[in-house]
Amino acid sequence: MDTITTRLFSLSKSCANTKSLKQIQSLHQKSISLGLQNNIALSKNLINLYFSCDAYQSAESVFRNVDNPLDITLWNGLLSAYAKNRMFSAALFLYDSLLQFPYLKPDSYTYPSLLKACGGLKRVDYGEKIHTHLMKDGFLSDIVIASSLIGVYAKCGLFASAVKVFDEMPERDLACWNNVISCYYQSGQWEKALEYFEKMGSAGLRPDSVSYTTAVSSCARLLDLERGKRIHDEIVRNGLVMDAYVSATLVDLYGKCGCLERAKEVFDEIENKSLVSWNSMIGGYSQIGDSLSCIELLARMNKDKVAPSSTTISTLLVACAKSAQLRHGRFVHGYIVRNNVFSDIFVESALVDFYFKCGSVDVAERVFKTMPKSNVVSWNVVISGYVSAGCYFEALGVYDEMRAANVKPDAITLTSTLAACSQLAALERGREFHKHIIEAKLNSNEVVMGALLDMYAKCGAVKEAEAVFNQLPTKDLVSWTSMMVAYGSHGQAFEATKLFDEMLQRNIRPDRVTFLAVISACSHAGLVDEGRKYFNSMVNDYKIRPTTAEYSCLIDLLGRAGKLHEAHEILQRNSDTEGDVELLSTLFAACSLHGEIDLGERIAKLLIEKVPEASSTYVVLEKMYAANKNWEGARGVRFKMKEMGLRKNPGCSWIEVDKRIESFVAGDKTLAQAESVYGCLASMYGHMEKDEIVA
C-alpha cells in the first residue's frame with residue numbers, strides 16, 4: 001500500500017470517529033481525483049462511512065463507480081450494511097445482481113446478511129431457495145450460516161423446518177440453541193422449549209440472558225412455578241447480571257403464578273425499570289383484579305417519568321373490569337383523556353368491556369360510538385358486552401349493524417351471538433349462524449362448535465344438537481354437559497344418564513354443572529331415586545359441596561315427585577339452606593303444584609317475612625287457595641296485595657318472524673301490529689269457546 005493510500009485510510013478512521021458527512025464527501029472526492037475509486041478496501045470503508053451518516057445513495061454510488069466489482073468482499077460489505085440498516089429489499093436486489101457475475105461466488109460472509117434480509121421480509125420462498133444453494137455448496141456445516149437459516153424459518157413461522165435444520169447440524173453454538181428454543185416457545189410448545197433448554201445445559205453450553213428469558217417465559221405460560229424458581233436460582237448461582245428482559249420475565253412468572261410478593265421483590269430490585277418490567281408487575285396485580293395496586297404502580301411510573309404504553313392502559317382497565325370498581329376505571333379513563341394517551345383498538349376495547357362489566361351499558365355504548373369500526377375486534381367487544389349484561393336483543397342488533405358495515409365475523413363474534421340465541425331460544429337465528437360457521441370454515445373450531453351445541457341444546461333441538469356433538473373432533477366437559485342439558489330438557493332422561501356414564505368411562509371428571517344437568521334430567525322425567533344417587537355421588541364421591549343451585553335442583557326433583565316433606569326436611573337439616581329464599585320458592589311452587597296447603601302456607605309465611613315486596617309469593621298463594629276453593633283466602637291475598645301496592649309483573653315473550661325477533665308483554669298495545677294480534681286472539685278465543693260448548 002503506497003503512502004497516499006495509507007494517508008487516505010488514516011483520514012477514513014478520523015471520519016469514522018467524527019461521522020462528519022462533509023469530511024466523508026471530501027475524502028471521497030480525493031480518492032476519485034487520485035484515481036483510487038477502484039480500490040476495494042478504500043471503497044468498503046467509504047460505503048460504511050456513508051451508511052453511518054445515513055447517506056445511502058452516496059454509499060451506493062461508491063459501489064457503482066467501481067469499474068469491475070469482482071471482489072466478493074466488496075459485495076459482502078454493501079450487503080452487510082443493507083442488512084444492519086434494515087434495508088432488506090435492497091439487500092435481496094443486490095444479491096440478485098451478484099448472481100449475474102458468473103465468476104463471483106457467494107461465501108460464508110455473504111449468506112448471514114442475506115438470510116437476515118429474508119427473515120426481515122418474511123420471504124420464506126427466497127429463504128428456501130437460499131437453503132437449496134447452501135446444501136448444494138456445502139455451507140450448512142457453517143454454524144453462523146445454519147443459525148441464520150434457523151432464524152429465517154422461525155421468523156416466517158415455519159418452526160418445524162427450523163428445528164429440522166437444527167437437528168441436522170453437526171455442531172451448534174449458543175445462538176443456534178437460543179433460536180430453536182425460541183422456535184418452540186413461539187409455536188406454543190413450551191414444554192419442548194424447556195426440554196431443549198435443559199439439553200443445551202447438558203451439551204456444556206452456558207445459557208445467556210436470551211436463553212433464560214425464553215425459559216422463564218415458558219414456565220410462565222405453563223404456570224410451572226417450581227421449575228421457574230429452579231431456573232431463577234440457577235441465574236443467581238451463575239452470577240448472571242439480570243438485564244431488563246430476564247427481570248421482567250421473572251416478574252411475569254411470579255405474577256401469573258399468584259406469587260405477588262415474590263414478583264414485587266424481583267421488581268423492586270430492578271434499578272432501571274423498563275416499560276416491560278412495569279407492565280409485568282401491573283399484569284400480576286391485574287390478574288387478581290387488584291385495580292388499586294395497579295393504579296398505584298401507574299402513579300409510580302409517572303413519578304419515574306416512564307410513559308405508559310397501550311398495553312399498560314389496557315391491563316389497568318382489565319383489572320378495573322375484574323374488580324368491577326367503576327371509580328377506578330373512570331380514573332383511568334380520565335387519565336387517558338387528560339394526558340392525551342394514544343388509544344389503540346385494544347385500549348378502546350378494554351374501556352368498552354370495563355363499562356359493560358360494571359353495568360354502565362350507556363357509557364359503554366357512548367365509547368363504542370366514538371371507536372373506529374373497521375376492525376372486527378371493536379364489534380366483538382360490544383357484542384360480548386351486551387351478552388354479558390343480559391342485553392341479548394341488542395347483541396344481535398349490533399351483529400346486524402356489523403354485517404351491514406361489511407365487517408366479516410370471526411370465531412369470537414359467532415360464539416357471542418350463539419350465546420345470545422341460547423338465552424333467547426332463538427332457534428331460527430341460531431340456524432342462520434350455523435350456516436355462517438360452515439361458510440367461514442369454522443366447523444373445526446372447538447369453542448365455536450361448543451357454543452353451537454349449547455344453542456341447539458337450550459333451544460330444544462335435540463337432533464341438531466346430537467349431530468353437532470357427534471361431529472366434534474374432541475369433546476370437552478362443556479360439550480358433554482350441553483348434550484345432557486339437551487336430552488334433559490326434552491324429557492330424555494335415559495339418554496342423559498347413559499351419556500353421563502359414557503363420559504365417566506372416558507375418564508372425564510364431572511363438575512357441579514354436569515351434575516346439575518343430569519339431576520335436572522332425572523327431575524323432568526320423575527326419576528327420583530336416580531336423581532338422589534347422582535346428588536349423593538357428587539357430594540360423597542367427588543367432594544363437591546352443594547350450593548344453592550344444586551340444592552334447588554334436588555328440591556325440584558323431590559317437589560315434582562310430590563315428596564314435599566322430604567324436601568322440606570333437607571332444607572331444615574342444613575343451616576345454609578334453611579332460610580334460603582330461592583330454595584323456599586322452589587318448594588313453595590311444588591306445594592302449589594300438588595295442592596299441599598298446610599306446608600305451602602308455612603313456607604309462604606316465611607317468604608313474606610323475608611321478602612315482603614315480592615309479588616310472586618302472593619300470586620302463587622292466591623292460586624293455591626283458588627285451586628282448593630278457599631275463596632276467602634284468595635280474596636284476603638288479593639286485598640293484601642292491593643293494600644301494599646303490589647302488582648303481578650307482566651310476563652315477557654318473544655317470537656321469531658322472518659328472521660326477526662319480536663318481543664312483547666302481556667297487555668302490550670304499543671306494537672305496530674297490535675290491532676292484528678288482538679284481532680287474531682279474539683278469533684282464537686271464539687273458536688275455543690265453541691269447542692268447549694260442543695264438548
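Attention in this report is confined to the structure presented alongside it. (Residues numbered from 1 in each chain as written. Predicted model: local features only at pLDDT ≥ 70, side-chain atom pairs only at ≥ 80, totals over all residues. Heavy atoms only, no water.)

1. Points about the side chain of Thr249
- Following the sequence through the fold, Thr249 ends up in helix H15 (residues 244-256).
- With a relative accessible area of 11%, Thr249 lands in the buried category.
- There is a polar contact of 2.7 Å between the side chain of Thr249 and the backbone oxygen of Val246. (Helix = DSSP H or I, 4+ residues; strand = E, 2+ residues; numbered from the N terminus. Buried < 20%, exposed > 50% of the residue type's maximum accessible area, 1.4 Å probe, protein only. Polar contact = N/O pair within 3.5 Å; in protein donor to acceptor, adjacent residues only side chain to side chain.)

2. Some points on the packing of helix H27 (residues 446-458) against helix H28 (residues 462-471)
- Relative orientation of the contacting elements H27 and H28 amounts to 160°, with a least axis distance of 8 Å. Relative to H28, H27 is oriented roughly antiparallel. Note on packing geometry: the crossing formed by H27 with H28 is left-handed. Residues Met449, Leu452, Leu453, Tyr456 and Ala457 of H27 form the contact with H28, whose own contacting residues are Glu464, Ala465, Val468, Phe469 and Gln471.
- Classifying every residue of the contact of H27 with H28 by side-chain character gives eight nonpolar, one polar and one charged. (Axes fitted to C-alpha atoms, helices over the stretch in contact; angles between N-to-C directions. Parallel < 35°, antiparallel > 145°, perpendicular 65-115°, else oblique. Left-handed = near helix turned anticlockwise from the far one by under 90°. Contact = heavy atoms within 4.5 Å. Nonpolar A, V, L, I, M, F, W, Y, C, P; charged D, E, K, R; others polar.)

3. Describing unusual backbone geometry
- Even without a glycine there, the phi angle at Leu223 is positive, about 55°.
- Take Leu223: it is sitting in the loop between helix H13 (209-222) and helix H14 (225-237).

4. With respect to a positive patch on the surface
- A surface patch of like charges, here positive, comprises Lys84, Arg86, Lys116, Lys122 and Lys155.
- The topology assignment puts Arg86 in the loop between helix H5 (72-84) and helix H6 (88-98).
- Its relative accessible area of 61% is what places Arg86 among the exposed residues. (Patch = residues over 30% accessible without salt bridge, like charges linked within 9 Å, V, L, I, M, F, W, Y side chains within 5 Å. Areas by Shrake-Rupley, 256 points an atom, 1.4 Å probe, with all protein chains shown as cover. Salt bridge = Lys/Arg side-chain N within 4 Å of Asp/Glu carboxyl O. Lys, Arg positive; Asp, Glu negative; His and termini not counted. Charge placed at Lys NZ, Arg CZ, Asp CG, Glu CD.)

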